[in-house]
Amino acid sequence: MADYQEAPLATRPKTLDPNEYFNLSSQFRKAETDRASIRANLKRQYQTQLNNPHRKELIEDPALTRWVHARANPYLNFRPTFKTSLLGMLFGVVPLFTLYFVFKTDRDRNEEMRKAGTFDRRFALSS
Amino acid sequence: MAGVGFRRWAQALTKGKGPGFSALLSGSRAASGPSKDTMVGPCPETAEERAAAAKKYSMRVEDYEPHPDKGEGYGDYPKLPDRSQHERDPWYKWDHPDLRRNWGEPMHWDFDMFIRNRVDTSPSPVAWATACKQLFGFIGFMLFMFYLGEKFPAYQPVAPKQYPYNGLYLEKGGDPEKQPEEVKINYEI
């Protein structure tokens, strides 16, 4: 454990974190206890619902519902700033015009070559 | 009078949120479904808003960190560390073992990217620099050696096969009257 070096951009796993074993300061321990108590409370709620013999319906997860709602409704908190409008233009407007021009010029050039008889059909499968 | 009524109706149409056509007509919404304070709200500014948001997402107030408010649509959703589910303890008794997640735990914004079938952020077995050096060093060395092999070939010298009688001039259908050109042969029988 002493010479374990994690790869860049990666974290040390919690079980290899020396803080778990050697940090005895009261703030750190209190923080860990608070987190554990929140976790235990959620576990208790879940287990109560899970082991309820009269339960017929699915156990609804509010964290999941919130996540789905957050991902499905980004425009509730959307605000047009420089960066967001730039991204919107880049992904929505620029490809439209760029692709139109690219396809048009390529197609026109092909058309000219076909009219002039110089179009290369060596590998064309349709005969 | 009709004009005023029409404007109010248009305003109710645009402002009425929630399900049902009746909501659009009356400007109010149904009471079914989750209430607005349990769902994602705007980015918190004051300390009370932060505390309330932390409680809503079942996190400690000190741990709760909203996404920076750049108008990107995150709202008050917490910014969790970008760690994949691959990095979580495989031996702990999770409520949902395949997702390595407990019930009610706040989910990362990109949770569906970090599941165990997809993006993996766990550390590589060898240090990244070493791995890169070894791979690209080997490939570079092999490319260099093949280039040298092309430049300085090391096989027996070869030439096109030579046949006697002026390269079999008569056998190949040459004219018997004409004199064939002399082919210089490099062997003697």
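Use the structure listed above.
Each value, and the rule that gives it
- Residues numbered from 1 in each chain as written.
- Chains lettered and ligands numbered in written order.
- Predicted model: local features only at pLDDT ≥ 70, side-chain atom pairs only at ≥ 80, totals over all residues.
- Heavy atoms only, no water.
- Buried < 20%, exposed > 50% of the residue type's maximum accessible area, 1.4 Å probe, protein only.
- Helix = DSSP H or I, 4+ residues; strand = E, 2+ residues; numbered from the N terminus.
- Arc of directions from axis to C-beta.
- Contact = heavy atoms within 4.5 Å.
- Phe/Tyr/Trp six-rings, centres within 6.5 Å; stacked < 30°, edge-to-face > 60°.
- Core = buried A, V, L, I, M, F, W, Y, C linked by side-chain atoms within 4.5 Å.
- Salt bridge = Lys/Arg side-chain N within 4 Å of Asp/Glu carboxyl O.

(A) Region of interest: helix 3 (residues 47-56) of chain B. Along helix 3 of chain B, the residues that are buried comprise Ala53(B), Ala54(B) and Lys56(B). Projected down its long axis, helix 3 of chain B shows its buried positions confined to an angular sector of 160°, all on one face. Turned more than 90 degrees from where helix 3 of chain B packs its buried face, Ala47(B), Glu48(B) and Lys55(B) sit exposed. Contacts from the buried residues of helix 3 of chain B go to helix 3 (62-72) of chain A.

(B) Seen up close, the packing of aromatic side chains. Under the criterion given, the structure shown has 9 aromatic pairs over all chains. Aromatic pair Tyr75(A) and Phe78(A): ring centres 5.5 Å apart, planes at 75°, arrangement edge-to-face. For the pair Tyr57(B) and Tyr77(B), a centre-to-centre distance of 5.4 Å together with 75° between the ring planes defines the contact as edge-to-face. You can see Tyr57(B) sitting in the loop between helix 3 and helix 4 (128-151) and its partner Tyr77(B) sitting in the loop between helix 3 and helix 4, a full 20 residues away along the chain. Its relative accessible area of 2% is what places Tyr77(B) among the buried residues. Members of the aromatic cluster, each reached through a chain of ring pairs, are Tyr57(B), Tyr64(B), Tyr74(B), Tyr77(B) and Trp109(B).

(C) Spatial organisation of the nonpolar core. Counting 14 residues, the largest nonpolar core has Tyr57(B), Tyr64(B) and Tyr77(B) as its most contacted members. Those elements that place two or more of their residues in this core are helix 3 of chain A together with helix 3 of chain B.

(D) The pattern of salt bridges, seen in detail. Using the criterion set out here, one finds 16 salt bridges over all chains in the structure. Among the ionic pairs, Arg60(B) bridges to Asp34(A), the shortest N-O distance being 3.6 Å. Taken as a pair, Arg60(B) in the loop between helix 3 and helix 4 and Asp34(A) in helix 2 (residues 26-50) lie in two separate chains rather than in one. With relative accessibility at 12%, the residue Arg60(B) sits in the buried group. For the salt bridge of Asp76(B) with Lys56(B), the shortest nitrogen-to-oxygen distance reads 3.0 Å. In this pair, Asp76(B) sits in the loop between helix 3 and helix 4 while Lys56(B) sits in helix 3, placing the two residues 20 residues apart along the sequence. For Lys56(B), a relative accessible area of 18% corresponds to the buried category. Here the salt bridges do not stand alone but share partners, grouping Lys30(A), Glu32(A), Asp34(A), Arg35(A), Arg60(B), Glu62(B) and Asp63(B) into one network.

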